[in-house]
Amino acid sequence: MSEGKELRIDVDGYDDVTQALRDLFDSYPGLGPGEYFSFSEAPECGGRSIFTSGGATIYSETESITGHITQMCQYPMTVVFRIAGLSENKKAKAKEWLDNFGRWLERQEVIIEGEKHKLKEYPQLHGNRKFWSISRTTPAILGVINDDKTEEWVMDINAKYRNEFDTF
């Protein structure tokens with residue numbers, strides 16, 4: 001019987017990757033003036049938030065004979081868009097907003113209010129960490145209807161990055 005490899009936490013990269021992703025999300029051209037993503041906090045009446053799904057983990061590590069280590073890491077998260085008073089049209093627009101956000105993170109072209117936008121590059125990380133990809137792992141879906149009739153539309157995202165360093 002083979003055992004699965006245990007994921008390890010990228011403790012040193014967590015804060016840097018978290019801040020870079022928060023800044024990236026808040027730079028989305030589909031946000032209106034004063035809008036932003038809160039972190040690990042669902043807004044009461046409406047808004048957008050990011051919830052991490054375990055933090056930054058190392059899923060692969062290789063070491064060369066010279067002591068050079070390459071780690072492939074991931075940072076899974078859920079994006080929540082809470083909104084109220086939705087008609088069928090508004091629900092479709094909420095889903096479309098999240099889908100466009102996901103496309104933009106994947107560096108695809110999106111059209112927002114008639115203008116084309118495309119994320120050219122991912123933000124720089126400190127040290128020898130570098131974003132590899134950011135992609136949707138689920139489509140935008142209705143996650144829950146709350147007692148107060150607000151709805152939470154959700155989409156899972158996974159940011160992958162590489163970390164390299166020498167042990168000698």
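Residues numbered from 1 in each chain as written. Predicted model: local features only at pLDDT ≥ 70, side-chain atom pairs only at ≥ 80, totals over all residues. Heavy atoms only, no water.

Draft legend 1. Main features of the overall build of the chain. Helix and strand content of the chain: two helices and 10 strands. Across the chain, helices and strands are ordered from the amino to the carboxyl terminus as β-α-β-β-β-β-α-β-β-β-β-β. Seen along its three principal axes, the alpha-carbon backbone of the chain occupies a region of about 60 × 40 × 25 Å. When the 168 residues of the chain are sorted by exposure, 40% land in the buried category. The contacts in the chain between residues at least 6 apart in sequence include a share of 63% that link residues at least 24 apart. Element-wise, carbon and sulfur atoms account for 49% of the exposed surface of the chain, whose accessible area totals about 10000 Å². Computed over 20 positive and 28 negative side-chain charges, the separation of the two mean positions in the chain equals 6 Å. (Helix = DSSP H or I, 4+ residues; strand = E, 2+ residues; numbered from the N terminus. Buried < 20%, exposed > 50% of the residue type's maximum accessible area, 1.4 Å probe, protein only. Contact = heavy atoms within 4.5 Å. Areas by Shrake-Rupley, 256 points an atom, 1.4 Å probe, with all protein chains shown as cover. Lys, Arg positive; Asp, Glu negative; His and termini not counted. Charge placed at Lys NZ, Arg CZ, Asp CG, Glu CD.)

Draft legend 2. Main features of the pairing of strand β4 (residues 57-63). Across two bridges, strand β1 (residues 8-9) lies against β4 in antiparallel orientation. Across the sheet, residue Arg8 finds its bridge partner in β4, namely Ile58. Where β4 lies against strand β5 (residues 68-83), six bridges are found, and the strand directions are antiparallel. Within β5, the position partnered with Ser60 by the bridge is Met72. Counting the residues that bridge the hairpin from β4 to β5 gives four residues, and of these Gly67 lies at a positive phi of roughly 85°. (Pairing = 2+ DSSP bridges.)

Draft legend 3. Representation of the environment of Glu63 in the model. Here Glu63 shows up in strand β4. C-alpha of Glu63 to C-alpha of Ala159: the two residues are 96 residues apart in sequence and 23 Å apart in space. Setting aside anything within four residues of it in sequence, one finds Glu63 in contact with His68, Ile69 and Thr167.

Draft legend 4. Summary view of the pairing of strand β3 (residues 47-52). Inspection of the sheet shows strand β2 (residues 37-39) paired to β3 by three bridges, in the parallel sense. By the bridge assignment for β3, Phe39 is matched with Ile50. Relative to β5, β3 is paired through six bridges, and the arrangement is antiparallel. Counterpart to Thr52 in the pairing with β5 is Met77.

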